[in-house]
Amino acid sequence: MQAKTDVLIVGAGPTGLSAALFLLDQGHRVRLIDRRSEPSSFSKAFGVNARTLDLLSASGVSESFIANGRKLERINIRRRGKVLGTLQLDDVADEYPFLCVQSQADSERILTEAVQERSGVVERGVELTNLEQGDAGVEVTTRSSSGEQVILASTVFGADGATSTVRNLLGVDFEGTTYPEPWQLFDVELETPLPPDEANIFLLADGGMFVVRHAGNLWRVLGSGADLLGALPAGTKIGPVHWESSFQVSNRVAAKFSHGRVHLGGDAAHTHAGIGARGMNLGIEDAFVFATLFDQGRLKDYEHLRRPIVQKVVREITRMMMVPRSQTLPGRIVRAVPAIVGVVLPLARTRIQPWLLGLDHEIHLRH
Ligand SMILES: Cc1cc2nc3c(=O)[nH]c(=O)nc-3n(C[C@H](O)[C@H](O)[C@H](O)COP(=O)(O)OP(=O)(O)OC[C@H]3O[C@@H](n4cnc5c(N)ncnc54)[C@H](O)[C@@H]3O)c2cc1C
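The model shown is predicted, which means the values in this text are computed figures rather than measured ones.

Enquirer: Tell me what's going on with the overall build of the chain, and back it up with residues and numbers.
Expert: Helix and strand counts for the chain come out as 9 helices and 19 strands. At 21 Å, the chain has a C-alpha radius of gyration in line with the 21 Å of a compact globule built from 367 residues. Principal axes of the C-alpha set define a box for the chain whose edges measure 65 × 40 × 40 Å. Across the 367 residues of the chain, 53% fall into the buried class. Summarising the internal contacts of the chain: among those between residues at least 6 apart in sequence, 72% fall at separations of at least 24. Summed over its atoms, the accessible surface of the chain is roughly 16,000 Å², and 52% of this surface lies on carbon and sulfur atoms. Measuring between centres, the 39 positive side-chain charges of the chain sit 6 Å from its 42 negative side-chain charges.

Enquirer: Which residues make up the sheet that holds strand β4 (residues 70-72), and what values do they have?
Expert: The 3 strands lie next to each other as β3-β7-β4, forming an open sheet whose pairing is antiparallel. Either end of the sheet is taken by a strand with one partner, and the two such strands are β3 (47-48) and β4. Here 2 bridges tie β3 to strand β7 (residues 99-101), and the two strands are oriented antiparallel to one another. Along β7, the bridge assignment pairs Val48 with Cys100.

Thresholds applied
Residues numbered from 1 in each chain as written. Predicted model: local features only at pLDDT ≥ 70, side-chain atom pairs only at ≥ 80, totals over all residues. Heavy atoms only, no water. Helix = DSSP H or I, 4+ residues; strand = E, 2+ residues; numbered from the N terminus. Rg over C-alpha atoms; globule rule 2.2 N^0.38 Å. Buried < 20%, exposed > 50% of the residue type's maximum accessible area, 1.4 Å probe, protein only. Contact = heavy atoms within 4.5 Å. Areas by Shrake-Rupley, 256 points an atom, 1.4 Å probe, with all protein chains shown as cover. Lys, Arg positive; Asp, Glu negative; His and termini not counted. Charge placed at Lys NZ, Arg CZ, Asp CG, Glu CD. Pairing = 2+ DSSP bridges.

Written as structure tokens, this is what we have:
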């Protein structure tokens, strides 16, 4: 049996859900499939930036994010007990001069509700296993508990994450580097003297560590040092760990974002270190650009409008990663002369602020 649709979105993470939302608001027929039978409950991306809030405001989703989450306006850079510098975000001229802190599970829940309010359906337990492009469209084979189905889609948006089946079936390389050193993540209950509404970046002897409160006394501790919990400031009491993960960072960009009628977005098109909380946010921006160009009949422009922007952000993150990587030259200099942070931060403030808020580039979509 063959079913037909305008756009088939593969993957109901933040990128796929946002693409569905934007397309439904433009009046298009959309199918959204995900191989997982349940949404992910992991907190993963906890920083929603101003660009994302700008893009989602027309749908009302931004207001729901802000009502659910918490505003983060100050980031301190610390070495041992000392604050070396503080970055404020609240003087940036934008409607949303802050990062909205909430777990990715909450972001996905709110996006799913918005899709459902527009009569969209998230088809769970449905996995893409093959695709073939022809004159009539893209024939996508899916597998679910009710067997195989073939869907004929005029356009496919592959938002199926870093190990993307869509990207692999297209034979598109995922170009870049995977770094050998392990990074660790803890969502952990803390009693700590750290200010509860500010984020903290610690320079450690053997790496770097990011510490921010989720909600209540649950904190995210993330970084590249060997003993992150042991490096928390004096007076911190460590409670139960809710989620613990160890992973290697990959900074990679797909060699092509578009291949005929099939386009890639989100982690399927790019992954990188969590520095700057850009991953999920860039994926939501991909979804906005994809949906707008689809609506305008201009998907041929997706590759050249999107890929250079993503490449630039990933290049910048790769450069910034040298600081937490303690053996690099910039990493060694900052550790030897930490006072340099207090000098450089005020000078670089007007470049770092828009970068952290995702406002470091324009989205050029005019004809
Ligand atoms: C610890 C951690 C912290 C992070 N912090 C941040 C942060 O603060 N800010 C930020 O912006 N980003 C952050 N990120 C990155 C962020 O989580 C990802 O960039 C984001 O999840 C990407 O969304 P996505 O929708 O592109 O892909 P995913 O979230 O990976 O979703 C892909 C979906 O596709 C489905 N799928 C896969 N294959 C198939 C198939 N063959 N058929 C059907 N469905 C399929 C999967 O089940 C999944 O639901 C963090 C990531 C981690 C791990």
